[in-house]
Amino acid sequence: MPFAIALSGLNAASADLGVTANNVANVNTTGFKMSRAQFAEVFAVGTQSVSTSASGSGVRLSAIAQQFTQGNIDFTDNALDLAIGGEGFFVLSDGGARSYTRAGAFGVDNQGYVVNAQGSRLQPYPFAGSGLFNTGTPVDLQLTIGANPPAATTRADFGINLPADAAVPTNPVFDPADPSSFNHTTSVTVYDSLGAAHTATVYFIKDAVPNTWNTQVEIEGNPVAGAAQIIFNPDGTLLSPPGGLMPLAAYNPGTGAADINMSLAFDNATQFGDNFGVNSLFQDGFTTGRLTGVSVDAEGVVFARFTNGQSTSLGKLALANFVNPQGLQQLGDTAWGESFQSGDALLG
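So, on to the sheet that holds strand β11 (residues 155-161). Within a beta sheet, neighbouring strands are joined by backbone hydrogen bonds and run either parallel or antiparallel to one another. With mixed pairing, four strands are arranged side by side in an open sheet as β18-β19-β11-β20. Each edge of the sheet is formed by a strand with only one pairing partner; in this case those strands are β18 (245-247) and β20 (277-283). The sheet shows a mean angle of 20° between the axes of neighbouring strands, direction not considered. With three bridges joining them, β11 and strand β19 (residues 263-265) adopt parallel strand pairing. The residue bridging Asp 157 from the neighbouring strand is Ala 265, located in β19.

Put into structure tokens, the structure is as follows:
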């Protein structure tokens, strides 16, 4: 009997060394969570009461408890290397079988799906538009591999300053080839519905009426109807057009695209001092874009970036938590599966 008791101690010590060795062996394994051996004494309890002075029967390994404490976070050059700050697990799908991991080393397979080294697909909530996400059921995260479609320009904003002391041009007949028929000019690139770029040029002509300017607009050298006067208050702020918007007539770009229907916005225009200046210039159209990269923000929203300067939300990463994470079933490859002891996954 004493030999068996001593042997139980050796077995327990061996089990403890095994747990420690596994922790050391996985010290550089991404997403690995160390384990801790827990022991309990053994007493032979029969049908009769046992004396309080009865000797024990040794020791046994009662459990190997996983420690889900926050690990170190390292920086890498891969945009799909992710880390969770705090509690939770990434949700993975392997042919529909769901598993959970803290390891955030992901890549892309030949179909554009974001996967780990074992081929399990990362699960986000799909984008539902207007900054919202469908939090009902996570789906496989697939990167957009097609082109980002173009958008036609509908508005161009001119944050300009027109000089208050400007003189009326000497040539009263506007001619874009004659600088003496206008005071100032500036251009902006606009886009049609097919993504083709066109140059829109706005000419500013001082009127004899104080604080009043006439405008002329051309796209690719072709006059566009709808240009109107710009009128300022005595303090240099904008009075007209109302709301600062100057709608232009539809312009046929001649490329097979739809007509360009746009407005010029002068709500940030001023008439101060004696210098002409373009403080800001913006238009809301863009051409076709190709995928250049992927980024994930601090809230887990995945964005695809394109060559046209646009970004598209592909989803928001789903995180899972459990009432009892230590009850999770170890599946290997730094993955866990839910069990009766862990409780159901709480997605968020």
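Following the structure, the description resumes.
So, about the packing of aromatic side chains. Scanning the entire structure with this criterion turns up 13 aromatic pairs. Measuring from centroid to centroid gives 5.0 Å for Tyr 100 and Phe 322, while their planes differ by 85°, and the two rings are edge-to-face. Highlighted residues: Tyr 100 in strand β4 (residues 97-101) and Phe 322 in the loop between β24 (319-321) and β25 (329-332), separated in sequence by 222 residues. Here the two residues Tyr 100 and Phe 322 agree in accessibility, since each one is buried. By way of ring pairs, the aromatic residues Phe 68, Phe 89, Tyr 100, Phe 322 and Trp 336 are connected into one cluster. The ring of Tyr 113 carries the charged tip of Arg 121 above its face, separated from the ring centre by 3.7 Å.

The terminal C-alpha atoms of helix α1 (residues 2-25), which comprises 24 residues, lie 35 Å apart, in line with the 34 Å expected from a rise of 1.5 Å per residue. Looking only at α1, the buried set comprises Ser 8, Ala 12, Val 19 and Asn 23. In this fold, the buried residues of α1 make contact with β1 (35-42) and β2 (58-66).

The next thing to look at is the layout of surface pockets. Within this model, the largest pocket holds a volume of roughly 1200 Å³. Forming the walls of the largest pocket are 39 residues, and the residues nearest its centre are Asn 72, Ile 73, Leu 82, Ala 83 and Arg 102. Residues that form the lining of the largest pocket fall into these classes: 16 nonpolar, 16 polar and seven charged. By volume, the second largest pocket is sized at about 240 Å³.

On to the side chain of Thr 201, then. Along the polypeptide, Thr 201 turns up in strand β13 (residues 197-206). You can call Thr 201 buried: its relative accessible area is 13%. For Thr 201, the side chain forms a polar contact with the side chain of Ser 187, separated by 3.0 Å.

So, on to the pattern of salt bridges. Taken as a whole and judged by the stated rule, the model has three salt bridges. Two residues, Asp 140 and Arg 121, come together in a salt bridge whose shortest N-O distance is 3.2 Å. Taken together, the residues span a long stretch of sequence, with Asp 140 in the loop between β10 (132-133) and β11 and Arg 121 in strand β7 (residues 121-122) at a distance of 19 residues. Asp 140 sits in the partly exposed class, given a relative accessible area of 28%. The exposure class assigned to Arg 121 is partly exposed, which follows from its relative accessible area of 22%. The shortest N-O distance in the salt bridge between Arg 155 and Asp 157 comes to 2.9 Å. Owing to a relative accessible area of 15%, Asp 157 belongs among the buried residues under this scheme. One salt-bridge network, in which partners are shared between bridges, spans Arg 155, Asp 157 and Asp 267.

What counts and what doesn't
- Residues numbered from 1 in each chain as written.
- Predicted model: local features only at pLDDT ≥ 70, side-chain atom pairs only at ≥ 80, totals over all residues.
- Heavy atoms only, no water.
- Pairing = 2+ DSSP bridges.
- Helix = DSSP H or I, 4+ residues; strand = E, 2+ residues; numbered from the N terminus.
- Axes fitted to C-alpha atoms, helices over the stretch in contact; angles between N-to-C directions.
- Phe/Tyr/Trp six-rings, centres within 6.5 Å; stacked < 30°, edge-to-face > 60°.
- Buried < 20%, exposed > 50% of the residue type's maximum accessible area, 1.4 Å probe, protein only.
- Lys NZ or Arg CZ within 6 Å of the ring centre and 35° of its normal.
- Expected span 1.5 Å × (residues − 1).
- Contact = heavy atoms within 4.5 Å.
- 1 Å grid on protein atoms, 1.4 Å probe; cavity = no way out; pocket = protein on both sides within 12 Å on 5 of 7 lines; lining within 4 Å.
- Points joined across faces, edges and corners; volume = space filled by probe spheres on them.
- Nonpolar A, V, L, I, M, F, W, Y, C, P; charged D, E, K, R; others polar.
- Polar contact = N/O pair within 3.5 Å; in protein donor to acceptor, adjacent residues only side chain to side chain.
- Salt bridge = Lys/Arg side-chain N within 4 Å of Asp/Glu carboxyl O.

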